[in-house]
Amino acid sequence: MHDVPTRAGESSPGGASTGAVPPGAASPGVTSPGAVAGEKEPLSAGLKQRHLTMLGLGGVIGAGLFVGSGAGIAVAGPGIVLSYLIAGALAMLVMRMLGEMSAAMPASGAFSVHAERALGRWAGFSVGWLYWFLLVVVLAVEATGAAQIANGWVPAVPQWAWVLLFMTVFTAANLSAVKNFGEFEFWFAALKVTAIVLFLALSLLAVFGVLPDAEPVGLSNLTGHGGLLPHGWGGVVSGVLAVVFAFGGLEVVTIAAAESDDPARAVGRAVRSAVWRILFFYVGSMVVIVTLLPWSSMQPGKSPYVAVLDSIGVPGAGQIMNIVVFVALLSALNANLYGSSRMVFSLAERGEAPRALLRVSGGGVPRRAVLASVAFGFVSVLLNLEWPDSVFLYMLNAVGAVLLFVWGLIAVSQLRLRKRIEREAPGKLALRMWAFPYLTWAALVAMGAVLVLMLTDDAARPQLLWSAGATGAVLLVAGLRALRERRASR
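Cut-offs used in this document
Residues numbered from 1 in each chain as written. Predicted model: local features only at pLDDT ≥ 70, side-chain atom pairs only at ≥ 80, totals over all residues. Heavy atoms only, no water. Helix = DSSP H or I, 4+ residues; strand = E, 2+ residues; numbered from the N terminus. Buried < 20%, exposed > 50% of the residue type's maximum accessible area, 1.4 Å probe, protein only. Contact = heavy atoms within 4.5 Å. Salt bridge = Lys/Arg side-chain N within 4 Å of Asp/Glu carboxyl O. Polar contact = N/O pair within 3.5 Å; in protein donor to acceptor, adjacent residues only side chain to side chain. Phe/Tyr/Trp six-rings, centres within 6.5 Å; stacked < 30°, edge-to-face > 60°. Lys NZ or Arg CZ within 6 Å of the ring centre and 35° of its normal.

(A) Local environment of the overall build of the protein chain. A tally of helices and strands in the protein chain yields 19 helices and 0 strands. Taking the principal axes of its C-alpha atoms as reference, the protein chain extends roughly 75 × 55 × 45 Å. Across the 490 residues that make up the protein chain, the buried fraction comes to 56%. Expressed as a percentage of contacts within the protein chain between residues at least 6 apart in sequence, the contacts between residues at least 24 apart total 79%.

(B) Structural detail: the pattern of salt bridges. For the structure shown, the criterion picks out 11 salt bridges. Where Arg461 meets Asp458, a salt bridge forms, and the shortest distance between an N and an O atom there is 3.0 Å. The class of Asp458 is exposed, set by a relative accessible area of 59%.

(C) Examining the side chain of Ser346 more closely. Locating Ser346 in the fold gives a position in helix 14 (residues 317–349). Overall, Ser346 belongs to the buried group, its relative accessible area being 0%. Separated by 2.9 Å, the side chains of Ser346 and Arg350 make a polar contact.

(D) Region of the structure containing helix 5 (residues 111–119). In terms of burial, helix 5 is largely enclosed, as 7 of its 9 residues are buried. Buried residues in helix 5 make contact with helix 4 (80–104), helix 6 (121–153), helix 11 (252–256), helix 14 and helix 17 (402–424). Note on helix 5: the residue one or two positions beyond its end, Gly120, has a positive phi of about 120°.

(E) How the structure looks around the packing of aromatic side chains. A full pass over the atoms with the stated rule returns 19 aromatic pairs. When the ring of Phe170 is compared with that of Phe188, the centres are 6.1 Å apart and the planes differ by 50°; the resulting orientation is tilted. Linking Phe170 in helix 7 (residues 159–175) with Phe188 in helix 8 (residues 178–207), this pair joins segments that are 18 residues apart in sequence. Residue classification places Phe188 among the buried residues on the basis of a relative accessible area of 15%. Geometrically, the ring pair formed by Phe186 and Trp187 is edge-to-face, given 5.0 Å between the ring centres and 90° between the ring planes. On the basis of relative accessibility, which here comes to 15%, the residue Phe186 falls in the buried class. The class of Trp187 is exposed, set by a relative accessible area of 57%. By way of ring pairs, the aromatic residues Trp129, Trp132, Phe133 and Phe376 are connected into one cluster. A cation over an aromatic ring shows up here: Arg50 above the ring of Phe186, its NZ or CZ 4.7 Å from the ring centre.

Below, the structure is given as structure tokens:
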């Protein structure tokens, strides 16, 4: 039986009031620092299954797909389809592991809580703070990108004013009831999914020559221009490096599941539906793109979706895709602000962040955690606006490979927790990792291979080294904290 989340002002399972407390005591509805998050969750259960399903679908569909995929096609040619299959398979394995743990032990801190349970406090501290840092830095990229598009539409409004507007609107949305966040993300994701479905439908009609003034394309773009693998398997590997990080964002659905009525069931359904559909959207898009257009015509930084829509005669294709990318950026900004606030709240819940962040509103929203996350987000945006090629570039590089480190800890945590759950509470394994433990080990090997490839790639090496430095710094702090606590306990 899963514990029912408690809200501020209600009684906890033990009968203690979760109302106001004296200064210095635990915040309303919060477990003690030593308690494991998930045993009693003070956050609101305001997210419905449809919110989680669309969050899982929309959270990973962003500018990385609509624009960034052009860089992958440029280095891999038609082999980009294989690159997406490989990267997507790795993301699917990670999400399956994460889904298994989250269904058995739902918590607002998700994989940070799992890492703490599996490996110790140092692991929960490290993965939680690294992921929070990743989200608030990427948040700045999304806010700035959306502001650049909006400034192009309305030049009279300066870029900084658009950033301020977006940050204010989504801060307000995240400070209100969690169902408002869910509704924002539901409709954002619905628009993105609809855009991809329409794109696939139009492209398939063009491939088979069904559209007016169109003739069947055939396989000439796949067999010509160097063939399916114009740069060999090396190009496919380079394509994996270019696209694997586009799958980041799926993790937020397991964080959000803790704020649903039935976390264990909700996260299982969301993970099952999201990973397969996203792989279909990603791989399907790449198949029709490289079939309709010569891969050599793709340019990094320019959307291959716009190129396809232009080629089949869709009027205003560039502006249509600008609108879709704009929505995708705002959706990612909203989701990252939500995910970062819940992660830092969970860290505070376990004594790994300032206890002041534990205050929960009457509606079950961790408002101080939201404000702390958006405050750093504002700092990141200012750095991006003022020093995009220096200070902010170093910050961006410092989180470039953090996603792989997070995924690695998820895999190691699942290896350890799966056996513990089977021994202590096998009934909680509502969602199981495929072919355990072999596919978990295969995923770890694949992550290691990607890191090695990044080290040998001139463009990716700075990101890996800076990210390794950031990870080392967080691990050092975790180690010093553990040493201090050990000495204090003597």
